[in-house]
Amino acid sequence: MTDIEGRALVRTRLQVDGEAADLLCDARVTLLDGLRDHLGNTGPKKGCDHGQCGACTVHVGGRPVLACLTLLASAADQEVSTVRSLAANGELSELQEAFRTHDAFQCGYCTPGQLMSAAAAVGRADLESDEDIREFMSGNLCRCAAYPNIVTAIREVRKGRTGA
Ligand code: FES
Ligand code: FES
């Protein structure tokens, strides 16, 4: 199938934050543009659009990915989770509360991506030190330099879950 300008269209069915989505888009549409422009989910942010800042981080099949470097079609039949999935019933998650408690953001533009990478970090048994956490989070840039507080928030949640 093509659009009126002859561009190939691809149907993609997936789950986004627990809800079914069905999109018919140009085959070159990225997951980030699919979420933001076609589904109106502005949780993931477009910073660089070149895989360099991490603001667009979402989970696909439970693993963090850069949505600006991922084709929408490649997420077909998978569960995509954005920052909107973290708060249940309007209640901030433990991780979001830790970010708030420890001032882990200022302008907040990077925060959706930081939170999705952090959500993956708190579930990793191999991140034992602050240096390990910093390395894991190194793909998420913060122009406000909230890095120390982000690590503190992640460490606190990890400690609560693992005792480490
Ligand atoms: Fe995707 Fe910057 S917007 S890495
Ligand atoms: Fe402003 Fe990170 S809080 S860019």
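Scroll up for the structure.
Residues numbered from 1 in each chain as written. Chains lettered and ligands numbered in written order. Predicted model: local features only at pLDDT ≥ 70, side-chain atom pairs only at ≥ 80, totals over all residues. Heavy atoms only, no water.

A. Just the pattern of salt bridges, in detail. Under the definition given, this model contains 11 salt bridges. For the salt bridge of D3 with R7, the shortest nitrogen-to-oxygen distance reads 2.8 Å. When the shortest N-O distance is used, the salt bridge between R28 and D26 registers 2.8 Å. Members of the salt-bridge network, linked through shared partners, are D3, E5, R7, D26 and R28. (Salt bridge = Lys/Arg side-chain N within 4 Å of Asp/Glu carboxyl O.)

B. Structural detail: helix α3 (residues 111-121). Along α3, 10 of the 11 residues are buried, which leaves the element largely enclosed by surrounding structure. Within the sequence span of α3, burial applies to T111, P112, G113, Q114, L115, M116, S117, A118, A120 and A121. (Buried < 20%, exposed > 50% of the residue type's maximum accessible area, 1.4 Å probe, protein only. Helix = DSSP H or I, 4+ residues; strand = E, 2+ residues; numbered from the N terminus.)

C. Spatial organisation of unusual backbone geometry. Even without a glycine there, the phi angle at D77 is positive, about 65°. Along the chain, D77 turns up in the loop between β4 (63-66) and β5 (79-81). A positive phi is found at A145, a non-glycine position, where the angle reads about 60°.

D. Local environment of the sheet that holds strand β2 (residues 19-26). Ordered by their spatial adjacency, 5 strands build an open sheet running β2-β1-β5-β3-β4, and the pairing between neighbours is mixed. Every other strand in the sheet has two partners, leaving β2 and β4 as the edge strands with one partner each. This sheet shows a mean twist of 40° between the axes of neighbouring strands, independent of strand direction. Relative to β4, strand β3 (residues 57-60) runs antiparallel, the two being bridged by 4 bridges. Bridging across to β4, V58 finds its partner in V65. (Pairing = 2+ DSSP bridges. Axes fitted to C-alpha atoms, helices over the stretch in contact; angles between N-to-C directions.)

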